[in-house]
Amino acid sequence: MGILLCILKRKHIGGVRSCYSQVKRIAENLTMNNQRDTSVEVRIGRIFNTYGPWMCLDDGHIVSNFVSHVIRKQPMTVYGDG
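Scoring rules and cut-offs
- Residues numbered from 1 in each chain as written.
- Predicted model: local features only at pLDDT ≥ 70, side-chain atom pairs only at ≥ 80, totals over all residues.
- Heavy atoms only, no water.
- Helix = DSSP H or I, 4+ residues; strand = E, 2+ residues; numbered from the N terminus.
- Buried < 20%, exposed > 50% of the residue type's maximum accessible area, 1.4 Å probe, protein only.
- Contact = heavy atoms within 4.5 Å.
- Arc of directions from axis to C-beta.
- Salt bridge = Lys/Arg side-chain N within 4 Å of Asp/Glu carboxyl O.
- Polar contact = N/O pair within 3.5 Å; in protein donor to acceptor, adjacent residues only side chain to side chain.

### With respect to the overall build of the protein
Moving on, step 1. Helix and strand content of the protein: 3 helices and 0 strands.
Moving on, step 2. Secondary structure elements of the protein, listed N to C terminal, follow the sequence α-α-α.
Moving on, step 3. The proportion of buried residues among the 82 residues of the protein is 10%.
Moving on, step 4. Counted over contacts in the protein with a minimum sequence separation of 6, partners at least 24 positions apart contribute 2%.

If you want it as structure tokens, here you go:
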């Protein structure tokens, strides 16, 4: 409950991203607790590397890199073994 109070009071523990991940972890824990208490079957999906209209093209993530290359008509960079 202490982490939830910090989040609600907008106090960041370890930075903004840490707070973001804590909110996701709390939501997952609440969901799993509800499943145990009610026997309702649930699934948790962890979505990452998404792209949306307000995302910065130069944020360094793979999806935004591909989108920025297409918009700028540059060849797409493939990292590692592809």
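### As for the side chain of Glu28
Moving on, step 1. Here Glu28 is to be found in helix α2 (residues 16–38).
Moving on, step 2. A relative accessible area of 17% means that Glu28 is categorised as buried.
Moving on, step 3. Residues contacting Glu28, with those up to four places away along its chain left out, are Ile44 and Arg46.

### Digging into helix α3 (residues 62–71)
Moving on, step 1. Those residues of α3 lying buried are Ser64, Asn65, Ser68 and His69. Down the axis of α3, the sector holding all buried residues measures 135°, keeping them to one side.

### Section: unusual backbone geometry
Moving on, step 1. The phi dihedral of Ser39 is positive, around 60°, even though this residue is not glycine.
Moving on, step 2. Mapping Ser39 onto the fold places it in the loop between α2 and α3.
Moving on, step 3. The exposed category is assigned to Ser39, whose relative accessible area is 67%.
Moving on, step 4. Even without being glycine, Lys73 reaches a positive phi, approximately 55°.
Moving on, step 5. Tracing the backbone through its elements, the reader meets Lys73 in the segment after α3.

### Concerning the pattern of salt bridges
Close approach of charged atoms allows side chains of opposite charge to pair.
Moving on, step 1. Counted by the stated rule, this structure contains 3 salt bridges.
Moving on, step 2. With a closest N to O distance of 2.7 Å, Glu41 and Arg43 form a salt bridge.

### Considerations on the environment of Gly52
Moving on, step 1. With respect to the element layout, Gly52 can be found in the loop between α2 and α3.
Moving on, step 2. Spatially, the C-alpha atom of Gly52 lies 9.0 Å from that of Ser64, the residues being 12 residues apart in sequence.

### Here's the deal with the side chain of Ser64
Moving on, step 1. Take Ser64: it is sitting in helix α3.
Moving on, step 2. Aside from chain neighbours lying at most four places away, what touches Ser64 is Tyr51, Met55, Cys56, Leu57 and Asp59.

### Regarding the environment of Arg43
Moving on, step 1. Considering the arrangement of structural elements, one finds Arg43 in the loop between α2 and α3.
Moving on, step 2. By relative accessible area, which is 69% here, Arg43 ends up exposed.
Moving on, step 3. Note: C-alpha distance between Arg43 and Thr31 (12 residues apart in sequence) is 8.9 Å.
Moving on, step 4. Within the structure, Arg43 has its side chain in polar contact with the side chain of Glu41 (distance 2.7 Å).

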